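# Structural overview
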Amino acid sequence: MTSLAYAADLPARPSVRPIAHWLLFCAGMVFAMAVIGAITRLTESGLSMVEWKPLIGVLPPMTAAEWDRVFALYRETPEYRIMNSGMSLEAFKTIFFWEWFHRLWGHLIGAAFLFPFLWFWVRGQIPRTLMPRLVGLFLLGGLQGVIGWFMVLSGLADAPDVSHYRLALHLGTALVIYALLVAVALGLLDPAPLAGWRPEAARLRRHTGWALGMVAVTVVWGAFVAGINAGFAYNSFPLMNGHWIPPEIATLAPWWLNPFENTAAVQFIHRVLAVGTGIVVLALWARVRAARLPGNAAAIADGLAAAILVQIALGITTLLTVVWIPVAAAHQAGALVVITMLVWLRHTLKPVGQGAERAGGMQSR
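Residues numbered from 1 in each chain as written. Predicted model: local features only at pLDDT ≥ 70, side-chain atom pairs only at ≥ 80, totals over all residues. Heavy atoms only, no water.

### Focus: the overall build of the chain
- If you tally the helices and strands in the chain, you get 13 helices and 0 strands.
- Scanning the chain from its N terminus toward the C terminus, one meets helices and strands in the order α-α-α-α-α-α-α-α-α-α-α-α-α.
- Relative to the globule expectation of 21 Å for 365 residues, the C-alpha radius of gyration of the chain, 23 Å, shows essentially globular dimensions.
- Oriented by its inertia axes, the alpha-carbon framework of the chain measures out at about 75 × 55 × 35 Å.
- Across the 365 residues of the chain, 45% fall into the buried class.
- With the model as given, the accessible surface of the chain reaches about 17,300 Å², and the carbon-plus-sulfur share is 71%. (Helix = DSSP H or I, 4+ residues; strand = E, 2+ residues; numbered from the N terminus. Rg over C-alpha atoms; globule rule 2.2 N^0.38 Å. Buried < 20%, exposed > 50% of the residue type's maximum accessible area, 1.4 Å probe, protein only. Areas by Shrake-Rupley, 256 points an atom, 1.4 Å probe, with all protein chains shown as cover.)

If you want it as structure tokens, here you go:
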């Protein structure tokens, strides 16, 4: 039997396909969560809830007395005293909604993962090799909730903003969870992709890994941009207030703080990383197209190229519109789309041994 014929004989077991669809549903919820989180941040709503009640805080205030109580707590925060002094209760309810909805969606993700997991486990549908990954994903989701509260705490002490380092950690963890959900689901649906049977696929997979790494670093600096409100400065492109490199790029002391806390430097680095990532991704697209691999690798690469171009355009538009919320939220969603296409492409280029052995192991159960 030829290798390609063998690959065709390794479909995902019918019993694991529902698990894959469930994981993709959870990934879709995480995708929505990232967009909701972006809107929460962009509307300056993230510090409106000063209490953390992970199990009993699902419902919003239901009485006038409870609204007065939570509003009184908010009036004690630095954000209220420095930025929103005199805010009305009705205005507070608007920002409270987004943070409450953000936390509610997190609870729903936890339920959407836990209860189907228990159902599949009780029915004996989860392969032994898959169980550690599912448990790890659940624990990582719980950790993400703790990280979110850890981030909020940084804005309740002295400054009216959360730490941009903690913001980057919170966003980065969400994207890791999302990427892992998609990767595990793809491994179940298509355990032995056709493209992986070609020897050049291994080199292209390494290139895809580098591209994913660059996207990750670019996202981190994007979180820094958002966290220090650097997107509201230098709202021109490609020049920054008439300069290729703004003169105030190294004004902080010690010097090593500039890449992380200087508004000019942080935005400049994010721009350079975005362009560099775009070049790496488009080079990957060209290499995949030239390789003429079997299966859907070329089509995925085409989608990836389109996604990265749209993402760069959204980033530029976010700057030019001075962080217009619909465009900025779409920019965050665009990062997830790029990550999706890269994870999918990397899976498609999986070496034959990994896919065949895993598929064989699942079929043997």
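### Quick look at the packing of aromatic side chains
- Enumeration over the complete set of coordinates arrives at 21 aromatic pairs.
- Seen from their ring centres, Trp22 and Phe113 are 4.9 Å apart, and the 45° between their planes marks the pair as tilted. In this pair, Trp22 is assigned in helix H2 (residues 17-42) and Phe113 in helix H5 (residues 89-122), connecting sequence segments 91 residues apart.
- Each residue in the set Trp67, Phe71, Tyr74, Tyr80, Phe92 and Phe96 is aromatic and connected to the rest through ring pairs, giving one cluster.
- Across from the ring centre of Phe71, 4.7 Å away, lies the NZ or CZ of Arg75, which sits over that ring.
- Between Arg166 and the ring centre of Phe150, over which it is positioned, the NZ or CZ distance is 3.6 Å. (Phe/Tyr/Trp six-rings, centres within 6.5 Å; stacked < 30°, edge-to-face > 60°. Lys NZ or Arg CZ within 6 Å of the ring centre and 35° of its normal.)

### A look at the nonpolar core
- Counting 67 residues, the largest nonpolar core has Trp22, Leu23, Phe113, Leu134 and Leu181 as its most contacted members.
- For this core, the secondary-structure elements that each account for two or more residues are H2, H5, helix H6 (131-153), helix H7 (164-189), helix H8 (200-227), helix H10 (263-291), helix H11 (297-320) and helix H12 (325-348).
- Those residues in contact with Leu134, other than ones at most four positions away along the chain, are Trp22, Leu23, Phe113, Phe117 and Ile126.
- With 12 residues, the next largest nonpolar core counts Met49, Trp67, Tyr74 and Ile95 among its residues. (Core = buried A, V, L, I, M, F, W, Y, C linked by side-chain atoms within 4.5 Å. Contact = heavy atoms within 4.5 Å.)

### Things to note about the environment of Ala335
- Relative to the assigned elements, Ala335 resides in helix H12.
- Along the sequence, Ala335 and Ala216 sit 119 residues apart, while their C-alpha atoms lie 9.3 Å from each other.

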